[in-house]
Amino acid sequence: VQLQACGGGLVQAGGSLRLSCAASGFTFSSYGMGWFRQAPGKEREFVAAIAWHGGRTLYADSVKGRFTISRDNAKNTVYLQMNSLKPEDTAVYYCAKDRSRGIWLIRTQLSEYDTWGQGTLVTVSS
């Protein structure tokens, strides 16, 4: 089971980035997926998640209206489109796989995810 995230970089405030996370080694279309982030000196926090079927999503209040999570089950990939970026969005972003298969709930707790990507750094300059 492997998750490979990419797409991070340096962007000015107000700019956009799209993160991608390619999955392998499991039946991607059966699992919810999430994005989390960890800023320097802070704990890892929930950003967004999407159900296995793609029909339900959930966002942290801090990114609601600016970020969009989506998935392409044919490509085994989950995305995070980030618009109107702010300096406080600076963090390492991690994709993660829900530990339970085929559930209807969208989970926000780190403990509910059992596989993590390596992280991709997003830096937003002011």
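Bear in mind the structure is a predicted one, so any value in this text is a computation, not a measurement.

Definitions and limits used
Note on numbering: residues in each chain are counted from 1, in written sequence order. In keeping with the predicted nature of the model, local features appear solely for residues at pLDDT of at least 70, side-chain atom pairs appear and are counted solely at 80 or more, and the whole-chain, interface and lining totals rest on all residues. The basis for every side-chain value is the complete set of heavy atoms in the structure, and neither hydrogens nor water enter the calculation. When two cysteine sulfur atoms lie within 2.5 Å, the pair is treated as a disulfide. Counting from the N terminus, the helices are DSSP H or I runs at least four residues long and the strands are E runs at least two residues long. The classification of residues rests on relative accessible area computed with a 1.4 Å probe and restricted to protein chains. Under 20% of the type maximum is buried, over 50% is exposed, and intermediate values are partly exposed. The salt bridge definition used is simple: a Lys or Arg side-chain nitrogen within 4 Å of an Asp or Glu carboxyl oxygen. Each nonpolar core is a collection of buried residues, namely Ala, Val, Leu, Ile, Met, Phe, Trp, Tyr and Cys, held together in the definition by side-chain atoms within 4.5 Å. Every residue pair with non-hydrogen atoms within 4.5 Å of one another is taken to be in contact. Classification of ring pairs rests on two measures: the distance between centres of Phe, Tyr or Trp rings, Trp counted by its six-membered ring, which must be within 6.5 Å, and the angle between planes, read as stacked under 30 degrees, edge-to-face over 60 and tilted in between. Our definition puts a charge over a ring when NZ of Lys or CZ of Arg is within 6 Å of the ring centre and also within 35 degrees of the ring normal. Pairing between strands is defined by DSSP: at least two bridges between the two strands are required. Each axis is a line fitted through C-alpha atoms, and for a helix only the stretch in contact is used; angles between axes span 0 to 180 degrees, taken between their N-to-C directions.

Caption draft 1: Seen up close, the state of the cysteines. Counting across every chain of the model gives one disulfide. Across a sulfur-sulfur distance of 2.1 Å, Cys21 and Cys95 are joined as a disulfide pair. A torsion of 60° about the S-S bond marks the disulfide between Cys21 and Cys95 as right-handed. With a gap of 74 residues between them, Cys21 in strand β3 (residues 17-24) and Cys95 in strand β9 (residues 91-101) connect regions that are remote in the sequence. For the residue pair Cys21 and Cys95, the accessibility class agrees, reading buried in each case. No disulfide involves Cys6; its sulfur sits 8.5 Å from that of Cys21, the nearest cysteine. Taking relative accessible area as the criterion, Cys6 reaches 43% and is therefore assigned partly exposed.

Caption draft 2: Inspection of the pattern of salt bridges at higher detail. The tally for this structure, following the rule as stated, stands at seven salt bridges. With a closest N to O distance of 3.1 Å, Asp61 and Lys64 form a salt bridge. Owing to a relative accessible area of 66%, Asp61 belongs among the exposed residues under this scheme. A salt bridge links Arg66 to Asp89, with the nearest nitrogen and oxygen atoms 2.7 Å apart.

Caption draft 3: Representation of the nonpolar core in the model. Among the nonpolar cores identified, the biggest contains 36 residues, and Trp35, Leu80, Met82 and Tyr93 are the most heavily contacted of them. Of all the secondary-structure elements, those providing two or more residues to this core are β1 (2-6), β3, β4 (31-38), β5 (45-50), β7 (67-72), β8 (77-82), β9 and β11 (120-125). It is β5 that provides the largest number of residues to this core, a total of five residues. Not counting residues within four places of it along the chain, the set of residues in contact with Tyr93 comprises Leu19, Trp35, Phe36, Arg37, Val47, Phe67, Leu80, Met82, Gly119, Thr120 and Val122.

Caption draft 4: Looking closely at the packing of aromatic side chains. Following the criterion strictly, the structure yields seven aromatic pairs and no others. Members of the aromatic cluster, joined through ring pairs, are Phe36, Phe46, Tyr113 and Trp116. The ring of Trp116 is capped by Arg44, whose NZ or CZ atom sits 4.9 Å from the centre of that ring.

Caption draft 5: Structural detail: the sheet that holds β8. Pairing is antiparallel across the open sheet formed by four strands, whose spatial order is β1-β3-β8-β7. Of all the strands in the sheet, just β1 and β7 have a single pairing partner and so form its edges. For this sheet the average axis-to-axis angle between neighbouring strands, irrespective of direction, equals 15°. In the sheet, β1 pairs with β3 via five bridges, with the strands oriented antiparallel.

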